[in-house]
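Architecture and fold: a report
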Amino acid sequence: AALAPSAAAFSDGAPPTITPPSATPSTSFSPTAASAVVVPSWVTADSELTAVSWTDKAIGVVRDAVVDGHMEPLYPTLDDLPAVLSAIGEVISQDPRAIHDGRGASTDGGYGVTFSTLRVYFEVKPGSTAASIINAELDPGDPTAPVGTYQNSLARRREEEKEAALEGRTVKWRYPLREGVLHQAFDRKR
């Protein structure tokens, strides 16, 4: 992946800076007329933000999420940390904020987006075209969302996980959450 930070990026103690690649299509790809790939213009558009950097705190939260198995099945081991940081960096480099939320402008504090099981917060300083990922947390879900939605089920799972932690237990879920699927949402691994 073009944005994957190397293992050396972590060895000097400095947070990695991820610079999005140009979205210029590769000149080595030349499909025939019958198999030409057509994509919307926004797919090939350059990244909105010129660079994405990380605070040590945010990297630590993502590292813990990988180690604790919250990023499975896509990122199951600590060896996958550069890949998950890269994937999050790619999403943030596109500036996922809506226009009415300040897309293309500086943030007023942190702005949060969901990535897998994480809620990732970033900021863009005034006059800058670079983002800094300032924090991350396990997505807490939303207990006020309609029953059966991903966010409501996630909030209920997080509550059960907190209760188990207070008792010195860890909850491992048998199935990933899926929108509208309640019958397996709270089955635990044995």
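Placed above this text is the structure.
So, a few notes on the structure that sits alongside this text. (Residues numbered from 1 in each chain as written. Predicted model: local features only at pLDDT ≥ 70, side-chain atom pairs only at ≥ 80, totals over all residues. Heavy atoms only, no water.)

Summing up its helical and strand segments, the protein chain has 5 helices and 5 strands in all. Counted from the first residue to the last, the protein chain has its helices and strands arranged as α-β-α-β-α-α-β-β-β-α. Looking at the protein chain as a whole, 33% of its 190 residues are labelled buried. Just so you have it, the protein chain exposes about 11300 Å², and 55% of that area is on carbon and sulfur atoms. (Helix = DSSP H or I, 4+ residues; strand = E, 2+ residues; numbered from the N terminus. Buried < 20%, exposed > 50% of the residue type's maximum accessible area, 1.4 Å probe, protein only. Areas by Shrake-Rupley, 256 points an atom, 1.4 Å probe, with all protein chains shown as cover.)

The next thing to look at is the pairing of strand E5 (residues 130-138). For strand E2 (residues 51-54) and E5, the ladder comprises 4 bridges, and the chain directions are parallel. In the strand pairing of E5, Val 52 is matched with Ala 131. Direction of pairing for strand E4 (residues 118-124) relative to E5: antiparallel, over a ladder of 7 bridges. Looking at the pairing, Glu 123 lines up with Ser 132 of E5. Connecting E4 to the antiparallel partner E5 that follows it, the hairpin turn spans 5 residues, and Gly 127 within it adopts a positive phi of roughly 80 degrees. (Pairing = 2+ DSSP bridges.)

Burial of nonpolar side chains together is a common tendency in soluble globular proteins. If you look at the biggest cluster of nonpolar residues, it comprises 25 residues, and the most contacted ones within it are Val 62, Val 84, Ile 88 and Ile 133. Put simply, the parts of the chain that give this core at least two residues each are E2, helix H3 (56-67), helix H4 (81-93), strand E3 (111-115), E4 and E5. Top contributing element to this core by residue count: H4, with 6 residues. Setting aside residues no more than four positions away along its own chain, Ile 88 makes contact with Trp 54, Val 62, Phe 115, Leu 118, Val 120 and Ile 133. (Core = buried A, V, L, I, M, F, W, Y, C linked by side-chain atoms within 4.5 Å. Contact = heavy atoms within 4.5 Å.)

What follows is about the packing of aromatic side chains. In total, this model carries 1 aromatic pair according to the counting rule given. Relative to Phe 122, the ring of Tyr 111 lies with its centre 5.8 Å away and its plane at 70 degrees, an arrangement referred to as edge-to-face. One end of the pair, Tyr 111, is in strand E3; the other, Phe 122, is in strand E4, with 11 residues separating them in the sequence. Residue Phe 122 is classed as buried on the basis of its relative accessible area, which comes to 0%. (Phe/Tyr/Trp six-rings, centres within 6.5 Å; stacked < 30°, edge-to-face > 60°.)

Here we come to the environment of Lys 125. Inspection of the secondary structure assignment puts Lys 125 in the loop between E4 and E5. By relative accessible area, which is 49% here, Lys 125 ends up partly exposed. Sequence separation of Lys 125 and Asp 108 is 17 residues, and the distance between their C-alpha atoms is 8.4 Å. Those residues in contact with Lys 125 that lie beyond four places of it in its chain are Ser 106 and Ala 130. At a separation of 3.3 Å, a polar atom in the side chain of Lys 125 contacts the side chain of Glu 123. (Polar contact = N/O pair within 3.5 Å; in protein donor to acceptor, adjacent residues only side chain to side chain.)

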